[in-house]
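# Examination of the molecular architecture
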Amino acid sequence: MSLRKVIQGTGLQNGELNIMLLNTKVHFFIQVAETGSFTSAAKKLYITPTAVMKQIDLLEDELGFRLLERTRRGVTLTSAGESLYNDVEQLKQLVDEAVQRAKIIEKTNSHMLRIGISLLFPCNPDLLRLPRLKEIHPDFQIQLVPIEEDRYQVAHNLSLLGKDIDFIMSPLDSISCSSQCQFFQLDSCSFCVTVPLSHRLARLSSLSYQDLHGERLMLPPHGDHLIFDQVRNQIEKEHPQIHIVNGPLYHDLKLYNQCELTNTLLLTTSNTPDLQPSLKSIPLDNSLTIPYGLLYAQKPREIAKRFLEYLAESN
């Protein structure tokens, strides 16, 4: 029987029943019902029979109906008392089962590492040393959790760290992102330029700044992405023939579609997967790189701390 049905059977509201279950008087009532006397119940509870009787009287006053028939030979349950006793016994069993399920879930979660993923933020098993993880730490379990792709959801995704997810694999070049999370570097990624396949530059295997002369190149706005800003500074000082277009603070799938439609080049990084079949990412010949690794909460869970220790030892 479900907990809801048992609650409905008692005729009590959820809030009232919760209070009742936490009430010592109900525990006394159960002992009296099971032993059949105030004296026997008092011995089990290590109090006086008078104290037990007082608690039962108070409980009956609160409920508004009698639970026990008192006789010289002891006590018996009234019809209402028997109904309440049976329902409470079922509730006790359901609560015990619920607690056991919760313990199992908690034990599982304490060994479950949750990695947020999307098309823009894939999980790289090799960088995470996942093939060796099970051999060294068989208790670890990996759960991949979908996160939003939209550029406006970046702050929301970061707010999930330490709550719904433990890590997001990503480059870190944003001041605003750095202020919301911690970062563990696994690698570095270089710069690329994403171009439409129909573009004249799509045939090249690498690009120099000179190749981009006369082209429109989209970059994040100045001020938040420090290393992207270094690229911007190089272009503005040494290659003014490249026309910089200010794009959004963060990339998303809509941006890639926009670049394909407007024939605009987009400055990206080498970790970015091929998302749009009509676009091609070509390495840019410059010496700048961006740290790439794991974003995680300011106060990570214990399982996340253990995983970071494993990665540090594996380096």
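Above this text you will find the structure in question.
Cut-offs used in this document
Residues numbered from 1 in each chain as written. Predicted model: local features only at pLDDT ≥ 70, side-chain atom pairs only at ≥ 80, totals over all residues. Heavy atoms only, no water. Helix = DSSP H or I, 4+ residues; strand = E, 2+ residues; numbered from the N terminus. Buried < 20%, exposed > 50% of the residue type's maximum accessible area, 1.4 Å probe, protein only. Contact = heavy atoms within 4.5 Å. Areas by Shrake-Rupley, 256 points an atom, 1.4 Å probe, with all protein chains shown as cover. Axes fitted to C-alpha atoms, helices over the stretch in contact; angles between N-to-C directions. Parallel < 35°, antiparallel > 145°, perpendicular 65-115°, else oblique. Left-handed = near helix turned anticlockwise from the far one by under 90°. Nonpolar A, V, L, I, M, F, W, Y, C, P; charged D, E, K, R; others polar. Salt bridge = Lys/Arg side-chain N within 4 Å of Asp/Glu carboxyl O. Core = buried A, V, L, I, M, F, W, Y, C linked by side-chain atoms within 4.5 Å. Polar contact = N/O pair within 3.5 Å; in protein donor to acceptor, adjacent residues only side chain to side chain. Phe/Tyr/Trp six-rings, centres within 6.5 Å; stacked < 30°, edge-to-face > 60°. Pairing = 2+ DSSP bridges.

## Some words on the overall build of the protein chain
Secondary structure assignment for the protein chain yields 12 helices and 11 strands. Here the protein chain holds 315 residues, and 43% of them are scored as buried. By sequence separation, contacts in the protein chain at least 24 residues apart represent 75% of the contacts at least 6 residues apart. When the accessible surface of the protein chain is totalled, it reaches about 17,100 Å², and 52% of it is carbon and sulfur.

## Notes on the packing of helix α3 (residues 24–35) against helix α5 (residues 49–63)
For the pair α3 and α5, the least separation of the axes is 9 Å and the interaxial angle reads 115°. When the axes of α3 and α5 are compared, the pair comes out roughly perpendicular. In the packing of α3 onto α5, the handedness of the crossing is left-handed. Contacts between α3 and α5 involve Lys-25, Val-26, Phe-28, Phe-29 and Val-32 on the former and, on the latter, Val-52, Gln-55, Ile-56, Leu-58, Leu-59 and Glu-62. Residue composition of the contact of α3 with α5, grouped by class: 8 nonpolar, 1 polar and 2 charged.

## Details of the packing of helix α4 (residues 38–45) against α5
Direction vectors running N to C along α4 and α5 enclose 105°, while the axes themselves pass 8 Å from each other. As judged from the angle between their axes, α4 and α5 are roughly perpendicular. Contacts between α4 and α5 involve Phe-38, Thr-39, Ala-42 and Leu-45 from the first element and Pro-49, Val-52, Met-53 and Ile-56 from the second. In the contact of α4 with α5, the residues fall into 7 nonpolar, 1 polar and no charged.

## Describing the pattern of salt bridges
This structure, assessed with the given rule, holds 12 salt bridges. Between Asp-150 and Lys-254 there is a salt bridge, with the nearest N and O atoms lying 3.8 Å from each other. Placement of the pair is Asp-150 in the loop between β4 (141–146) and α8 (154–159) and Lys-254 in helix α11 (residues 253–262), with a sequence separation of 104 residues. Given the relative accessible area of 55%, Lys-254 is considered exposed.

## Concerning the nonpolar core
Core analysis: the biggest nonpolar cluster contains 42 residues, and Leu-212, Leu-294 and Phe-307 have the highest contact counts within it. Discounting chain neighbours no more than four positions away, the residues touching Phe-307 are Leu-113, Leu-128, Leu-130, Leu-133, Phe-140, Phe-167 and Leu-294.

## A short note on the side chain of Glu-60
Its location among the elements puts Glu-60 in helix α5. The exposure class assigned to Glu-60 is buried, which follows from its relative accessible area of 10%. Within polar-contact distance, the side chain of Glu-60 engages the backbone nitrogen of Leu-67 at 2.8 Å. Excluding residues within four positions of it along the chain, Glu-60 makes contact with Phe-65, Arg-66, Leu-67, Leu-68 and Arg-70.

## Observations concerning the packing of aromatic side chains
Going through the model one piece at a time under the given rule, you end up with 5 aromatic pairs. Taking 6.0 Å as the distance between ring centres and 65° as the angle between the ring planes, the aromatic pair formed by Phe-167 and Tyr-296 counts as edge-to-face. Here Phe-167 is found in strand β5 (residues 167–171), whereas its partner Tyr-296 is found in strand β11 (residues 289–296), with 129 residues between them in sequence. For the pair Phe-167 and Tyr-296, one class covers both residues: buried. Clustering of aromatic rings is evident, with ring pairs tying together Phe-140, Phe-167, Tyr-296, Phe-307 and Tyr-310.

## Side note on the pairing of strand β9 (residues 265–269)
Among the 5 residues that make up β9, 5 are buried, leaving the element largely enclosed by the rest of the structure. Along β9, one buried face is formed by Leu-265, Leu-267 and Thr-269 and the opposite face, lined by Leu-266 and Thr-268, is buried too. In this sheet, β9 lies alongside strand β6 (residues 182–196) in antiparallel orientation, the contact comprising 4 bridges. Pairing of Thr-194 across the sheet is with Leu-266, part of β9. With 2 bridges connecting them, strand β7 (residues 216–219) and β9 associate as parallel partners. The residue of β9 that forms the bridge with Leu-217 is Leu-265.

## Section: the pairing of β7
Pairing analysis gives 4 bridges linking β7 to strand β8 (residues 243–246), with the strands arranged parallel. By the bridge assignment, Met-218 is partnered in β8 with Val-245.

## Notes on the side chain of Arg-232
Among the secondary structure elements, Arg-232 is positioned in helix α10 (residues 226–238). What makes Arg-232 buried here is its relative accessible area of 6%. Arg-232 has contacts with Leu-219, Pro-220, Pro-221, His-222, Ile-244 and Asn-246, leaving out every residue within four places of it along the chain.

## Section: the environment of Val-145
One can find Val-145 in strand β4. Between the alpha carbons of Val-145 and Arg-114 there is a distance of 6.4 Å; along the sequence they are 31 residues apart.

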